[in-house]
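Single-letter residue listing:
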Amino acid sequence: MRVAVVQFPGSNADWDALHAVRDVVGAEAWYAFHKDTSLGSPDAVVVPGGFSYGDYLRAGAIARFSPIVDAIREFAASGGPVLGICNGFQILTEMGLLPGALTRNAHLRFECRDIFVRVENGGTFTNTSQGQVLRLPIAHADGRYQCSGDTLTALEKNDQIAFRYCTRNGDAPNGSPANPNGAVDDIAGVYNEGKNVLGMMPHPERASEAILGNDDGLNLFESLRRHLEQR
Amino acid sequence: MTTPENFPGEQDASLELAREFGLAEREWQHVLETLGRAPSYAELGVVSVMWSEHCSYKSSRVHLSRLPTEGPQVVQGPGENAGAVDIGDGFCAVFKMESHNHPSYIEPYQGAATGVGGILRDVFTMGARPVASLNSLRFGRPDHPKTPHLLKGVVAGIGGYGNCIGVPTVGGEVQFDASYDGNILVNAFTVGIAKTEELFFGVAEGIGNPILYVGAKTGRDGIHGATMASAEFGEETESKLPTVQVGDPFMEKLLLEACLEIFATDCLSGVQDMGAAGLTSSSVEMAARAGNGIELDLDAIPRRTRALSPYEMLLSESQERMLMVAKKGREQEVFDICAKWDLDASIVGRVTDTGRFVCKATPNYDPFEDDPGSPNPVVVVDLPVDLLTDEAPKYDRPQKTRPDAPTEDAPDEPPPADLRGEMIRMIGSPNIGSRSWIWRQYDHIVQDGTVIRPGDGDAGVVRVFCEDEGETKEKFLAVSADCNGRHVELDPYAGAAMAVAECTRNVVCVGAKPLGLTDCLNFGNPEVPQQMWRFSQAIDGLAAACNALGAPVVSGNVSFYNETDGNSILPTPTVAVVGQLQAPEHRLGLGFRNSGDVIAHLGVPSRGVLGGSEWLVQQSGRVTGASPGIDLDAEAALQHAMLELAQKQLVQSAHDVSDGGIAMCLAESCIAHGLGAVVSLPASTDAPAHSLLFSEEPSRIVVSLRSADVDEALAICKRLGVPFETLGTVTGHDLEIEGICSVPVGDLADAHATALDAIVGESH
């Protein structure tokens, strides 16, 4: 498995992603700098977390003008797996690869802690964990997923909702604290229609090792590996 | 030699102006005598910031020399941008702590944010990649009208900066006390890792080498910040907003990546960040360390505002700026890497052999003008570097013993009638309860290395990746920051020693061996003899404890004048310790883990001394009673025993007894995983129950261990002369202290979780 981790100015979970896919999962992995125009023929792309361009203007809003973005767009259009984590999710929505937008958390604070999500639908990154409850960390100030009523209906209908926040037991959050940011319909991650592009606020790459006290996040990378093997 | 000129519109320097700039009359006289002439306006600015308490350490230098700074593990001691200790395989941990107290009181978000930015720069200037941060905060009374605003602003500012740049904030401490009502403390700590052979230093070496300015452009923010940090607060303080800097963590992230990339090319001979006193102190300090001179061309300074005068450019504390000395002919490599990271870089001067700090600028030159004209610079500053550094004033200020040092424990507070209720009230009070509202606002897991998170152990533990020629070694560092100013107030010597002891104890409790210490000495007005006495005593206490506990001081910072309208803060010599774990399996949390485990007490049992304790302060409304004191030999033995127990994996959890006494220690160990305990207090004197519960006497640790491991643990403690006493068992859902009280852990947990609600509102 060959994975490109995209590096924007201000990306700061680029190492986290590289370490998880390279040192833990065992993929061949490298950084693709935002000024490059090629990703370097990967099997999958991770758009990592951080504060690209300082989150100035709006989280992810400036990154979408970087030279590398065309290559990501092309890769996604050809069915290539793309995982946007946290700021990466924000960038993918700003690029229009994923529907909806991420706005300031309802309580207006940055929040870092473990939360639980229920895997709602299968897809490139969730075929092995569908129906499971995963414990994953979040670390964001702008994670409140929002979209129009029509988009929400379409997401539901097309099985594009990848993760919903839930309680430890998998029950609906019924508001805060299980839904940590006020996301509409408790949405923590969504797929594109092709199910090859996933954006999510929680950090699976920071929960992929026993030494970190949690390897629930490995599920996503295992699913990706199987997807690539079966392709 | 030409006499430096004033710029158009600048006043002639005079005693009156010197005083306005914070110089004393005898200091002004010294300048006149040394120069044989009156300084220019810009020169007076330079001298006054370099001689400010903040930059010159003029009241503390004679005392700081008593601190132990050496040890086989010390790679770099005090005097550089940060200190460094060896962590094996050719790598070192680079760390420092610094205060940003005054700016944070004036503008809490930016004050705290730029405090974090400054300490990060100090660390990566050394060539180290920052891997973890801590902060030590002090606020006024929880019900002081300003406390919510200040707490919220400071926490958001620390998070805003640290989260963006991507360095995990893995712990810290906070205390609320009336003495900080008008003068909060924000002390920020960062540790990074570097290859020891590739450390970078702040030296201007190589005559003729070009000096490069990299990073943000210069504005008018923060002019005379260092002088502000060297004066007391008064009513007009809130009009000092322009002296507070504004941070841009995105710029700093670019600067961090660019710097580490530039350092790797080996095209620099020195580097220093522009912190307090900006361009002036960075260039003067680099020149001084190398014994050289520096000449700056101020016309070339990148700027973001019109009509900057030399004085303003030299004293601006605009953030996210670095000064680099490139090897001659290799400037282009710096420019190329800066271009990659979209950073500005310009050549602004060169290293000279004159031993003088010379600045030139063209009167009325402003690059923003449509036709700025051609530069025709004149000399505006020409000062001996020595005058600004080694020859800066150094005072052995008069000291006076505190006349009313209490020697008797305060006996007059009546014991509480309902100890069960008292337990819940205490665990839910702002100085004891959960800090999760704070650390949840910090990204404490970025970099994929946090293996003990905030609140889970007595210290934070991070895994760091040491990469050398394609091979990566994982190492594990423990970090903690501590001080309890109340104990320092009661006895500055013992209290300062207790701060070191608690900090190293915390590091040992997570299974790490302490390697070194950094300090941030927050005190009142050094010109007040009793304050100076406190400072001097505290230095001796720190020195004794650092020696006894094997933690040499490798870096630090002094913050005087922490008082408002004559009211001083509690003397607060905050310390932070970096330790290393031999193996990740040795790490320990503070919570009881398994039902059926034995609970044991290590160390000498309490005598029931309540002096300086949180309980007594809450009851009496003041810091009172006799200091509990500390036996450093007993402390050292305790820490040796604890470390051996952790390394032999004989204990399941460890938690030191500190704020709130053994009662709160046990409660916290129960709350962590929702497990109950049945214990009796360690055998002791016939002191009343509440004194034994809430005494904050040091040198005690509560551990839990498998019953099968008790004999071996006991033998180790016996061999090292450390009292070991079993107290009871982890069991059920109540914390039952036999003969005293029984409290449901759920009730304790609820109170603990909501302890800050009264200040910050609903936590969720």
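**Quick look at the overall build of chain A**
Argument step 1. Of the regular secondary structure elements, chain A holds five helices and 11 strands.
Argument step 2. A compact globule built from 231 residues would reach a C-alpha radius of gyration of about 17 Å, and chain A, at 16 Å, matches this within 12%.
Argument step 3. Taken along its principal axes, the extent of the C-alpha atoms in chain A is 45 × 35 × 35 Å.
Argument step 4. Among the 231 residues that make up chain A, the fraction classed as buried is 60%.
Argument step 5. A separation threshold of at least 6 residues defines the contact pool for chain A, and within that pool the share at least 24 residues apart is 76%.

**A word on the pairing of strand S4 (residues 82–85) of chain A**
The two faces of a sheet get side chains in turn, since along a regular strand they alternate between them.
Residue and element names in this part refer to chain A.
Argument step 1. Both faces of S4 are covered, namely the face carrying Val82 and Gly84 and the face carrying Leu83 and Ile85.
Argument step 2. Relative to S4, strand S3 (residues 44–47) runs parallel, the two sharing three bridges. Opposite Val46, over in S4, you have Leu83 as the bridge partner.
Argument step 3. Following the chain from S3 across helix H2 (residues 68–77) to the adjacent parallel S4, one finds a crossover that is right-handed.

**Some thoughts on the sheet that holds strand S9 (residues 293–297) of chain B**
Residue and element names in this part refer to chain B.
Argument step 1. Taken together, the seven strands give an open sheet; going across it, the order is S8-S10-S7-S11-S9-S12-S13, and neighbouring strands pair in mixed fashion. Every interior strand has two partners, whereas the edge strands, strand S8 (268–273) and strand S13 (378–384), have only one. Between one strand axis and the next, the sheet turns through 20 degrees on average, direction left out of account.
Argument step 2. Taken together, the six bridges between strand S12 (residues 356–361) and S13 define a ladder with antiparallel strand orientation. Looking at S13, one finds that Val358 is bridged to Asp382.

**Some words on the interface of chain A and chain B**
Size of an interface: often given as the accessible area lost when the parts come together.
Argument step 1. Contact with chain A, which involves 25 residues of that partner, is made by 24 residues of chain B.
Argument step 2. Looking at the side of chain A that touches chain B element by element, the count peaks at four residues for helix H1 (residues 14–24) of chain A.
Argument step 3. Taken together, the residues of the side of chain A that touches chain B sort by class into 14 nonpolar, six polar and five charged.

**Concerning unusual backbone geometry**
For residues that are not glycine, phi is negative in most cases, and the peptide bond is trans in most cases.
Argument step 1. A cis amide bond, omega 5 degrees, links Ser176 of chain A with the succeeding residue Pro177 of chain A.
Argument step 2. Positionally, Pro177 of chain A belongs in the loop between strand S9 (161–166) and strand S10 (187–191).
Argument step 3. The backbone phi angle of Asp186 of chain A is positive, close to 60 degrees, even though this residue is not glycine.
Argument step 4. Inspection of the secondary structure puts Asp186 of chain A in the loop between S9 and S10.
Argument step 5. Even without glycine at this site, Asn364 of chain B takes up a positive phi of about 65 degrees.
Argument step 6. You can see Asn364 of chain B is positioned in the loop between S12 and S13.

**Regarding the environment of Ser14 of chain B**
Argument step 1. Within the fold, Ser14 of chain B resides in the segment before helix H1 (15–20).
Argument step 2. Residues Ser14 of chain B and Leu260 of chain B lie 246 residues apart in sequence; the distance between their C-alpha atoms is 44 Å.

**Considering the nonpolar core**
Residues and elements named next belong to chain B.
Argument step 1. Within the largest apolar cluster, 324 residues are counted, with the highest numbers of intra-cluster contacts made by Ala93, Val94, Ala497, Val500, Met642 and Leu748.
Argument step 2. With 12 residues, the single largest contributor to this core is helix H18 (residues 492–509).
Argument step 3. Dropping the residues within four chain positions of it, Leu748 is found in contact with Met423, Ile424, Ile427, Ala667, Cys670, Ile671, Leu735 and Val743.

**Thoughts on the packing of helix H21 (residues 632–647) of chain B against helix H24 (residues 710–719) of chain B**
All names here are of chain B.
Argument step 1. Between H21 and H24, the least distance of the axes is 9 Å, while the angle of their chain directions is 150 degrees. Relative to H24, H21 is oriented roughly antiparallel. Taken as a pair, H21 and H24 cross one another with a handedness that is right-handed. Where H21 approaches H24, its residues Ala641, Glu644 and Leu645 are matched on the opposing element by Ala713, Ile716 and Cys717.
Argument step 2. Residues that form the contact of H21 with H24 fall into these classes: five nonpolar, no polar and one charged.

**Quick notes on the pairing of S8 of chain B**
Residue and element names in this part refer to chain B.
Argument step 1. In terms of residue burial, S8 counts as a mostly covered element, since six of its six residues are buried.
Argument step 2. Two strands pair when backbone bridges link them, and S8 and strand S10 (residues 321–326) are joined in this way by five bridges, in the antiparallel orientation. Within the sheet, the bridge partner assigned to Val271 lies in S10 and is Met324.

**With respect to the sheet that holds strand S4 (residues 129–139) of chain B**
All names here are of chain B.
Argument step 1. Strand order in the open sheet formed by six strands is S1-S2-S3-S6-S4-S5, with mixed pairing between adjacent strands. Of all the strands in the sheet, the pair left with one neighbour each is strand S1 (74–76) and strand S5 (169–176). Mean inter-strand twist for the sheet, computed between neighbouring axes without regard to direction, equals 25 degrees.
Argument step 2. Relative to strand S3 (residues 91–99), strand S2 (residues 83–88) runs antiparallel, the two being bridged by five bridges. Directly across from Asp86, in S3, lies its bridge partner Cys92.
Argument step 3. Helix H7 (residues 108–124) contacts S3, S4 and strand S6 (185–195) of the sheet and is inclined by roughly 25 degrees relative to S6.

**Remarks on the environment of Gln11 of chain B**
Argument step 1. As for its placement among the helices and strands, Gln11 of chain B is situated in the segment before H1.
Argument step 2. Through-space distance from the C-alpha of Gln11 of chain B to that of Ala478 of chain B is 53 Å; in sequence the pair is 467 residues apart.

**Points about helix H11 (residues 278–290) of chain B**
Residue and element names in this part refer to chain B.
Argument step 1. In this model, H11 (13 residues) spans 19 Å end to end at C-alpha, consistent with the 18 Å of a helix rising 1.5 Å per residue.
Argument step 2. When H11 is considered as a whole, its buried residues turn out to be Gly278, Leu279, Thr280, Ser281, Ser282, Ser283, Val284, Glu285, Met286, Ala287, Ala288 and Ala290.
Argument step 3. Positive phi shows up at Gly291, right after H11, with a value of about 70 degrees.

**Digging into the packing of helix H22 (residues 661–673) of chain B against helix H25 (residues 745–753) of chain B**
Residue and element names in this part refer to chain B.
Argument step 1. Between H22 and H25, the least distance of the axes is 9 Å, while the angle of their chain directions is 95 degrees. Our classification of the angle between H22 and H25 gives roughly perpendicular. Contact residues: H22 offers Ala667, Cys670 and Ile671, while H25 offers Val745, Leu748, Ala749 and His752.
Argument step 2. Looking at the contact of H22 with H25 residue by residue, the class counts come to six nonpolar, one polar and no charged.

**With respect to the confidence of the model for chain B**
Predicted coordinates in areas of low pLDDT are best not read in detail.
Argument step 1. Scored by pLDDT, chain B comes out at a mean of 94, with 96% of its residues at no less than 70.
Argument step 2. As a predicted assembly, this complex carries a pTM of 0.96 together with an ipTM value of 0.97.

**Structural notes on the environment of Gly293 of chain B**
Residues and elements named next belong to chain B.
Argument step 1. In this structure, Gly293 sits in strand S9.
Argument step 2. The class for Gly293 is buried, based on 24 C-beta atoms found within 10 Å.
Argument step 3. With 97 residues separating them in the primary sequence, Gly293 and Thr196 have C-alpha atoms 28 Å apart.
Argument step 4. The residues contacting Gly293, other than those within four sequence positions of it, are Ala287, Thr352, Asp353, Thr354, Gly355, Arg356, Phe357, Val358 and Val385.

Criteria and cut-off values
- Residues numbered from 1 in each chain as written.
- Chains lettered and ligands numbered in written order.
- Predicted model: local features only at pLDDT ≥ 70, side-chain atom pairs only at ≥ 80, totals over all residues.
- Helix = DSSP H or I, 4+ residues; strand = E, 2+ residues; numbered from the N terminus.
- Rg over C-alpha atoms; globule rule 2.2 N^0.38 Å.
- Buried ≥ 20, exposed ≤ 12 C-beta atoms within 10 Å, placed from the backbone.
- Contact = placed C-beta atoms within 7 Å.
- Pairing = 2+ DSSP bridges.
- Right-handed = clockwise from strand over helix to strand, strands pointing away.
- Axes fitted to C-alpha atoms, helices over the stretch in contact; angles between N-to-C directions.
- Nonpolar A, V, L, I, M, F, W, Y, C, P; charged D, E, K, R; others polar.
- Core = buried A, V, L, I, M, F, W, Y, C linked by C-beta atoms within 7 Å.
- Parallel < 35°, antiparallel > 145°, perpendicular 65-115°, else oblique.
- Left-handed = near helix turned anticlockwise from the far one by under 90°.
- Expected span 1.5 Å × (residues − 1).
- pLDDT = per-residue confidence, 0-100.

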